[in-house]
Amino acid sequence: MPSPITTGLHCLFLLVTAGCRTSQDSNFDPFIQYVIDSALGEESFHSEMQRQKRNMLIFDLPPLEYTADIEVSLMDSSFLEPIKEYFKNLNLPVSTNISNVEMTVSNIDITTVCLPSGENNSCCSCENGYAWPRAVCSDLITCAPVSLAPDLPCGYTREMPFYGSYCEPQTEDSCGMGEPIVMYMSVRLDTDFWDDLRNSSSALYKKYKADLEKAFNASYRCLPGFVSATVTGFRPGSVFVNYEVKAGAASFDQIASSNRFVPRFLHASYQLNPNTFTTEITNQTNFTVSPVDIFEGDTVRLTCEINSGSDNMTWYHFDQAISISFPYSTVRLFSMKTSKSTLEIANVTMKDAGSYKCVFTNSSQSVTLIYTDTKTIAVSPLHITSNLNDISVVCDSLEMQTNSPLLSCCVDRQLPSLTGNWKVNGAINITGVSSCTKNCTEYKLNIDESLCPPEKSGTVTTYTCELQTGNGAKHSQNIRVTYLRTAHVTISSSINSPVSEGYAFNLTCESDVSNYDSISWKIQSGNKTKTVDCDACIKNSRFPATSVLTVKTATRDWSGTYICAFSQKYLESSANMTIEVISLPLKQNILIDPIEAPIQCKKQQALECCISANAMEDYTVTFVVQQNGFQVGKKKKGNLFCYMYNYNETECSKEKNVTAHCKFINRIGQEVNSENITLYPISAEEVSCSDSFGIGIEGAILIKPCCELNNPDGFTRGNKIYKCSNKSWRFERDDCLSVPINQLLTSAESLVNSPDAKANLPNYLAELREQTEKEQSTINSSPANLGAIITILDMVSSIPADAEELTIQGLFILVFGTLWDKKIQEALLKRNSMSKWNSQQTKSSSLILVAPMLSMTYPFSRTFNNLRGKTGKYRVSSSEPSTSSSENISKSYSLLN
C-alpha cells in the first residue's frame, strides 16, 4: 500500500494531467474521486497511473495554479479522523516531480464531511470556516439530532452519490449569513390551561418557558442562520404556546423537518400535539407596487412573491378579504419552489387607498406555514397646475409675435411615462408646438396676425391640456386665451372751428373693433386730465362700435384735447381731437338796466348792459332796438364792464311797446343776446314821476336789476320793483338773491354743465347744505332765495349720482321747514315765477311747493323719495307768530308718505 503522502500527490497529479487535456477535451471533470481501501494494493494504483500516462499530453507550459475539489470516499469511517489529523499537521508546501511534471501542493483543506445516514443518503456538515452556498440553502434538511449539545455541527441530509456544491469558505453571501428574520410560531399542548400561565412571574410559567425553549432551541438550531427560539406567552384552548424563532429565511420543508424534532426534546407530560404547528413569516416576500406614484384612474398592480410553494393565497384590503370582481382581478403563478400572485385594481379611486396584505398559506398534516406582507398605497388626484389660467394676447403686437406665450401644464412630481396632448377650441384657431418633460407638457403658441381679424378681437380660445400617466389616469386643464387686436379709432366733430360758451357740439368716436369692454372720454388741458363722467352726455353703440359725446351747453371746462379710448381688457386704443371753447357770456349772466321802464317820447333814455369785469375776452357789443343795431363801447363800472346806449323814441303810441337787447359777439363771430329790455313810451303830458330812477306816469311800474357793490360779479340775479305813486317812485318789492345764494345758483349752473358733474356733486351738496344753514334767516324772509334753492335742487337732480342721505335729509328739512311758513307760501304763490312749478295750486296746498324737489330724476331723487317714504318727526322752526307759548318754541311735523 502506498504512503498517504504518495497517494495524495498521485491524486493531485491525476487532476493536473486531466487539466492539461482541457484544450483538446471539453468533457473535463474537475472532481476526481479516489477510493482508499485497506485491502487495495499498490499494484492497482500503479496500473491506474499507467493508464493516465498513456493518455497524457505533455506541454512546455508556464506554471499554473489550480484549486481542486477532491471527493475522498472512505469505506471505513475509522479512517476519517486520522486523515483529518494528518492533513491538519502536514507541513506544506510540498513539491514532487511526477513524469517530468513539477507538482507543488500549497494548501489542503477539508471542507465537507458526510457520514452515512440511511440508504442512498448521507448526513453532511461543513468544517470550521466553511459554509453551504446560498444556492442550496433552501434544500438543506436537518439530519435527526442525536444530542441536545449546542456545539455539535449541524448536519444536513444529502443524496448519494453527491451532486451539487460542497461547503465553501464562509462569506457574507453564505447560507445563513444574512440578516435573521423572526418567525411567529405556535403549537398546542393537549393539557389543561392554568391561570398561572397568564402570569410571567409564576413558577409554572417559568418552568413551561424554560422547558419549551430548551426543546425549541435544540430543534431549530440547525435552521440556516439560527439565532434563538423564545417563548412569548401562552393562551387557553387547551394550551397554545406562542413563540418566536429568529433565524435565516427557511423553507416549508425545513420548518416542518425541525418541528418533528421538538417532541424528542420535550417531556411527554407536556402532551405536545405535533400536528398543530403554525408558522407565520412577515415581510419576507418580494412585494412590489406598480406604478410607484398612483393617481386616480390608474390601473395598479400589486405583486407578492415568495420563494416557497403555497397551497392558497388571499389578498386583503384593510384586513378584509378581497372578492375578485371588478375592479379587482388576479393572476397566480404557483410552483414547487415559488409562489407569485398579482392583484390588479382597475381605474383606482381615492377609496382604494390604504393597506393591502398578501397571505400565502402552505399546509401539511403537521404544520401550517403562513407568509404575510403589507404595503400601503396612497392615491392622489392628478392635480394639474398651469402656468397661466386666463391671459390676453395682442395679435398684432410685434413683441408678442416674436416672443409668443408658452402654455404649460404640470403635475407635482416627475413621472417617466407622462404624456400630454393639447386641444384648441375657439373662433380664432391659433395653434402651436407641443413638447413634454417628465412632469410637464408645454405648448408654444404661433401668433399669426392674419388669424386675428378685427371683428373677432376679444374672443376667447380655449387650450385644453390633457396629461396621462401611462397607467390609465388622465386629467385635463383649460387655459383661456383672449385674443385682442389693436383697434383703429377715429374721432370727428360736428363743428369745424372753436366753439363758444353756451353753444352745443358733439364728437363721434368710431372703432373697427366692436367687441370692446368699455369706452372712456377724457379731456386733457395743460397738465390736468379729467374724465367725462356724464351718462346723459355719452351714447355708445356696438354695431358699429361708436360713441357720441354730446355737449349741450359748452363751458370753459369743456376746452382741451379730447381723448376717446376703446378698452379691451388691458388694451386701450384711442384717438384725440382738440376743441377750444371761446369765452362768451351766458344770457343769464348779462345784466340789463332797466328791465322794464316807461320812456318819454322824444327824450333820450339810457339803456345799459353789463357783464362781470372778470371776463378776459373783448367782445363786440351792439344794442338792438326795434331791429336796428347800434354798436357801443365798453366802460368799467366797479366790478362790471358796461355798455350804454341813449335811445330816443320819436314815435309815441300807447299801443306800442319798445324792446331792446344787447348782442355780444366774440372773436369767432358767435353771438349771444341778452334778455329783452321792455320800454313803454309815454308823452310829456303824462309824466308824473321824474327823477334819477326814471320817468313814469302815475301807477307805472319800474323794474331795476340787482346791483351789489360787495359782489365779486357786480350784480346778483333777481330784480327790484318800484311804483310811481304821488309823483315819486316808491319801493314795492325786493326779489334780489343774496350774494351767497346767487353764487350757489351760478355754481349749480356750472356744475350741471361740467364734464365731471358726478364727481363734484357730493362736495357741492355739502357746500349747499352749509350755506343754506347759514342763510336760513335770509331764505325764510326771501321767497326769491327760496325759489333759487328749489331751482338749484331741481338742476342738480338731473345729475345721475348718489348723494349721502344725511346731506339730502338736512337740505330737505331746511327747505321743507321754510316752505311750511305760511307767509313764504303766500309770497311764492303771488310771484309769477312760481307758475312754472304749479300755477294752479291754491294757497292751502302748503306741501305742493315741495313737489319739484320730490319729483327729481333717478338716482339723485332716490334719496329724496326714500326720505319721503320714511315716517318720522322732524323739528322745524316756524316764523309765523303763534298765540300759544308752546307753538312759539317750535312746531313738530310728521313727514308721512
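Described in the following lines is the structure provided in the data block. (Residues numbered from 1 in each chain as written. Predicted model: local features only at pLDDT ≥ 70, side-chain atom pairs only at ≥ 80, totals over all residues. Heavy atoms only, no water.)

1. A look at helix α5 (residues 252–259)
Then, in step 1: Of all 8 residues in α5, 7 are buried; the element is thus mostly enclosed.
Then, in step 2: Residues of α5 that are buried: F252, Q254, I255, A256, S257, S258 and N259. (Buried < 20%, exposed > 50% of the residue type's maximum accessible area, 1.4 Å probe, protein only. Helix = DSSP H or I, 4+ residues; strand = E, 2+ residues; numbered from the N terminus.)

2. Looking at the sheet that holds strand β17 (residues 300–306)
Then, in step 1: Strand order in the open sheet formed by 4 strands is β15-β17-β21-β20, with antiparallel pairing between adjacent strands. Of all the strands in the sheet, the pair left with one neighbour each is β15 (286–290) and β20 (328–334). Across the sheet, the mean angle from the axis of one strand to that of its neighbour is 10 degrees, orientation sign disregarded.
Then, in step 2: Sheet topology places β20 next to strand β21 (residues 339–345); 7 bridges connect them, and they run antiparallel. (Pairing = 2+ DSSP bridges. Axes fitted to C-alpha atoms, helices over the stretch in contact; angles between N-to-C directions.)

3. Regarding the pattern of salt bridges
Then, in step 1: Scanning all chains against the criterion turns up 26 salt bridges.
Then, in step 2: Between E127 and K84 there is a salt bridge whose closest N-O contact spans 3.5 Å. With E127 in the loop between β6 (121–126) and β7 (130–131) and K84 in helix α3 (residues 80–89), the pair connects residues that are 43 residues apart, well separated along the chain.
Then, in step 3: A salt bridge links R667 to E617; the nearest nitrogen and oxygen atoms lie 3.3 Å apart. One end of the pair, R667, is in the loop between β50 (658–665) and β51 (671–673); the other, E617, is in the loop between β45 (604–612) and β46 (620–625), and 50 residues separate them in sequence.
Then, in step 4: By relative accessible area, which is 54% here, R667 ends up exposed.
Then, in step 5: Given the relative accessible area of 16%, E617 is considered buried.
Then, in step 6: Among the ionic contacts, a cluster of salt bridges with common partners joins E81, K84 and E127. (Salt bridge = Lys/Arg side-chain N within 4 Å of Asp/Glu carboxyl O.)

4. Details of the nonpolar core
Note that soluble globular proteins tend to have their nonpolar side chains buried in a common cluster.
Then, in step 1: Ranked by internal contacts, the top residues of the largest apolar core, which has 57 residues, are M183, F216, Y220, F234, Y243 and V245.
Then, in step 2: Judged by nonpolar contacts, the second largest core, of 31 residues, contains L584, V658, A660 and L679. (Core = buried A, V, L, I, M, F, W, Y, C linked by side-chain atoms within 4.5 Å.)

5. Examining the side chain of N273
Then, in step 1: Topologically, N273 is positioned in the loop between α5 and β14 (277–282).
Then, in step 2: Using a relative accessible area of 14% as the deciding quantity, one classes N273 as buried.
Then, in step 3: With residues near it in sequence (within four places) discarded, N273 still touches V187, R188 and D190. (Contact = heavy atoms within 4.5 Å.)

6. With respect to empty space enclosed by the protein
Then, in step 1: A full pass over the atoms with the stated rule returns 2 cavities of 30 Å³ or more.
Then, in step 2: Estimated volume of the second largest cavity: approximately 30 Å³.
Then, in step 3: Residues that form the lining of the second largest cavity fall into these classes: 5 nonpolar, no polar and 3 charged. (1 Å grid on protein atoms, 1.4 Å probe; cavity = no way out; pocket = protein on both sides within 12 Å on 5 of 7 lines; lining within 4 Å. Points joined across faces, edges and corners; volume = space filled by probe spheres on them. Nonpolar A, V, L, I, M, F, W, Y, C, P; charged D, E, K, R; others polar.)

7. Side note on the packing of helix α7 (residues 739–752) against helix α8 (residues 757–774)
Then, in step 1: Where α7 contacts α8, the axes come no closer than 11 Å and their chain directions differ by 170 degrees. Of the possible angle classes, the one that applies to α7 and α8 is roughly antiparallel. For the pair α7 and α8, the contacting residues are P740, L744, S747, A748 and L751 in the first and A757, N760, L761, Y764, E767, L768 and Q771 in the second.
Then, in step 2: Looking at the contact of α7 with α8 residue by residue, the class counts come to 8 nonpolar, 3 polar and 1 charged. (Parallel < 35°, antiparallel > 145°, perpendicular 65-115°, else oblique.)

8. Thoughts on unusual backbone geometry
Then, in step 1: Residues S290 and P291 are joined by a peptide bond in cis, for which omega reads 0 degrees.
Then, in step 2: By the element assignment, P291 lies in the loop between β15 and β16 (294–295).
Then, in step 3: A cis amide bond links D593 to the next residue, P594, at an omega of 0 degrees.
Then, in step 4: Counting through the fold element by element, P594 comes out in the loop between β43 (591–593) and β44 (596–600).
Then, in step 5: The phi dihedral of K602 is positive, around 60 degrees, even though this residue is not glycine.

9. A few points about the pairing of strand β47 (residues 628–632)
Sheet faces and side chains relate simply in a regular strand, where the side chains alternate between the two faces.
Then, in step 1: Where β46 lies against β47, 5 bridges are found, and the strand directions are antiparallel. Looking at β47, one finds that T622 is bridged to Q631.
Then, in step 2: Counting the residues between successive antiparallel strands, the hairpin from β46 to β47 contains 2 residues, one of them, Q626, with a positive phi of roughly 50 degrees.

10. Observations regarding the side chain of E71
Then, in step 1: By the secondary structure assignment, E71 is in strand β2 (residues 70–74).
Then, in step 2: One buried charged residue, E71, remains without a salt bridge, the closest side chain of opposite sign being R158 at 10 Å.
Then, in step 3: Side-chain polar atoms of E71 contact the side chain of Y166, separated by 2.3 Å. (Lys, Arg positive; Asp, Glu negative; His and termini not counted. Polar contact = N/O pair within 3.5 Å; in protein donor to acceptor, adjacent residues only side chain to side chain.)

11. Section: the packing of aromatic side chains
Then, in step 1: Evaluated as defined, the whole model comprises 19 aromatic pairs.
Then, in step 2: A ring pair is formed by Y86 and F87, whose centres lie 5.8 Å apart and whose planes are at 65 degrees; its orientation type is edge-to-face.
Then, in step 3: F87 gets classed as partly exposed once you look at its relative accessible area, which sits at 27%.
Then, in step 4: Between Y722 and F731, the ring centres sit 5.6 Å apart and the planes meet at 65 degrees, which makes this aromatic pair edge-to-face.
Then, in step 5: Judged by its relative accessible area of 11%, Y722 falls in the buried class.
Then, in step 6: Taken together, Y205, Y208, F234 and Y270 form an aromatic cluster joined through their ring pairs.
Then, in step 7: Sitting over the ring of Y316, K357 keeps its end group 5.3 Å from the ring centre. (Phe/Tyr/Trp six-rings, centres within 6.5 Å; stacked < 30°, edge-to-face > 60°. Lys NZ or Arg CZ within 6 Å of the ring centre and 35° of its normal.)

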